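Chain residues, written in single-letter form:
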There are 2 protein chains.
Amino acid sequence: MPVKKRKPLVIVYTGNGKGKTTAALGVLFRAFGRGWTIVMLSFIKSETSNYGEERAARKLGIEMIPLGAGFTWLSKDIEHDKALARRCWEACKEKIDSGRYDLVILDEMTYPLNYGWLDLNEVIEVLRHRPPNLHVIVTGRDAPQALVDFADLVTEMREIKHPFQQGIKAQPGIDF
Amino acid sequence: MPVKKRKPLVIVYTGNGKGKTTAALGVLFRAFGRGWTIVMLSFIKSETSNYGEERAARKLGIEMIPLGAGFTWLSKDIEHDKALARRCWEACKEKIDSGRYDLVILDEMTYPLNYGWLDLNEVIEVLRHRPPNLHVIVTGRDAPQALVDFADLVTEMREIKHPFQQGIKAQPGIDF
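Residues numbered from 1 in each chain as written. Chains lettered and ligands numbered in written order. Predicted model: local features only at pLDDT ≥ 70, side-chain atom pairs only at ≥ 80, totals over all residues.

Asker: Mind showing me how you'd approach the environment of B:Gly173 here?
Answerer: Tracing the backbone through its elements, the reader meets B:Gly173 in the segment after β6 (153-161). Considering only alpha carbons, one finds B:Gly173 and B:Thr139, 34 residues apart in sequence, at a separation of 19 Å. Sequence-distant contacts of B:Gly173, defined by excluding residues within four places in its chain, comprise A:Arg30, A:Ala31, A:Arg34, A:Trp36 and B:Gly52. (Helix = DSSP H or I, 4+ residues; strand = E, 2+ residues; numbered from the N terminus. Contact = placed C-beta atoms within 7 Å.)

Asker: What is the right way to read the pairing of strand β2 (residues 38-42) of chain B from this model?
Answerer: A regular strand carries its side chains on alternate faces of the sheet. Residues and elements named next belong to chain B. Burial runs high along β2: five of the five residues are buried. As defined by bridge partners, β2 adjoins strand β4 (residues 103-107) across five bridges and the pair is classed as parallel. Across the sheet, Met-40 pairs through a bridge with Ile-105, a residue of β4. Sheet topology places β2 next to strand β3 (residues 63-66); four bridges connect them, and they run parallel. Its bridge partner lying in β3, Leu-41 is registered against Ile-65. A crossover connection joins β2 to the parallel β3 through helix α2 (residues 52-60); in handedness this β-α-β unit is right-handed. (Buried ≥ 20, exposed ≤ 12 C-beta atoms within 10 Å, placed from the backbone. Pairing = 2+ DSSP bridges. Right-handed = clockwise from strand over helix to strand, strands pointing away.)

Asker: I'm lost on the interface of chain A and chain B in this one. Help?
Answerer: Interface size is commonly expressed as the accessible surface area that is lost when the partners come together. Listed per partner, the contact involves 54 residues of chain A and 54 residues of chain B. Broken down by secondary-structure element, the contributors of at least two residues to the side of chain A that touches chain B are α1 (20-33), α2 (52-60) and β6 (153-161) of chain A. Residue contributions to the side of chain A that touches chain B peak at 12 residues, all from α1(A). Strand direction decides the pairing type here: β6(A) and β6(B), joined by seven bridges, are antiparallel. Looking at the pairing, A:Met157 lines up with B:Met157 of β6(B).

Asker: Would you explain the relation of the copies chain A and chain B in this entry?
Answerer: Each of the two chain copies can be brought onto the other by rotation about an axis and movement along it. Under the fitted operation, chain A is carried onto chain B by 0.0 Å of movement along the axis and a turn of 180°, and the coordinates agree to an RMSD of 0.0 Å. These values place the two chain copies in the arrangement generated by a two-fold rotation axis. Mapped onto chain B, 100% of the interface residues of chain A again fall at the interface, so both copies present the same surface. (Least-squares fit on C-alpha atoms with pLDDT ≥ 70 in both.)

Asker: Got a minute to help me understand the sheet that holds strand β1 (residues 10-14) of chain B in this structure?
Answerer: The sheet built from 12 strands is open, its strands ordered β3(A)-β2(A)-β4(A)-β5(A)-β1(A)-β6(A)-β6(B)-β1(B)-β5(B)-β4(B)-β2(B)-β3(B) with mixed pairing. At either margin of the open sheet sits one strand with a lone partner, and together these are β3 (63-66) of chain A together with β3 of chain B. Going across the sheet, the axis of each strand differs from the next one's by a mean of 15°, ignoring polarity. Pairing geometry for strand β1 (residues 10-14) of chain A and strand β5 (residues 135-139) of chain A, over four bridges, is parallel. Bridge pairing in β5(A) places A:Ile11 opposite A:Ile137. (Axes fitted to C-alpha atoms, helices over the stretch in contact; angles between N-to-C directions.)

Asker: Just to check I follow, could you spell out the packing of α2(A) against helix α1 (residues 20-33) of chain B for this structure?
Answerer: Contact geometry of α2(A) with α1(B) gives a least axis separation of 7 Å together with a crossing angle of 75°. With respect to α1(B), the element α2(A) is oriented roughly perpendicular. Across the interface between the two elements, A:Gly52, A:Glu53, A:Glu54, A:Arg55 and A:Ala56 from α2(A) touch B:Phe29, B:Arg30, B:Ala31, B:Phe32 and B:Gly33 from α1(B). Here the residues of the contact of α2(A) with α1(B) are counted per class, giving four nonpolar, two polar and four charged. (Parallel < 35°, antiparallel > 145°, perpendicular 65-115°, else oblique. Nonpolar A, V, L, I, M, F, W, Y, C, P; charged D, E, K, R; others polar.)

In short, the description is geometric, and any link to function would need to be established separately.
Rendered as structure tokens:
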């Protein structure tokens, strides 16, 4: 098989193990080293969080957008949740379509997809017709099969051993 | 089970999929955001490489040490290779024992371990008696079982889909 030239990738990090968002941050780190323009949109983090990655991004001028504030995961009103998820996705779509980025990270986006709050077909069509040279990473458990089929690189992070099994909670610097 | 206080971890990222070194870089990024002192020692990269992560580390003043130069992976002289691996490990041990770091990354160290070039028991003893508060990450395929048993967090990166299957080669910013 002849080796093709470079090609912008859709990367999916999924599975029940730790390391999905973490690996996305690793690509972000390499991309930063290469001078790329990067944005990371997070479907779960709230606007008031101040995680290690957010602190680092601020220091380095990397755009990191927490979409989670107001994202009422426990709302009993499904229409309300759908409208919120839709608004978050519109923010992602705008970034993707803008043509301003080399790398867009859609962190934890599998959750609103799996809840049926976002239209998977629409998401895939937006990715398919994204600007040339744009790499996109999607993270989260249980990546939908159609997304796996569409993606170029898919790694499943499988939990072999989790610190919580020893009663150790999530820690700054390591987990967030 | 009561949740313990924070505990420095030994983390292993293993498996045949992409994302092992990448996840280690993600932890490094978070740790940088928290102001930690970090060193990454790489058993495979050569001293002349100039990967995205090396460029980023240089910009940020993070210590990243390629041990691979002179590491004659294809040498026919096993004693020669062992001596080289030993020298690389001594460099790692010195960093671990120094007490100067919050995070030490031993990138791709499973390879010299699996070749029998390093003494697994010695490595585990050094990790067991490391300075308090030091987190250590080991990456590479086929992590030895004793290391998995000793570690606090182990994720297997499983290859579901690899760009090379489509004939796409490794790319700057994404893979290195």
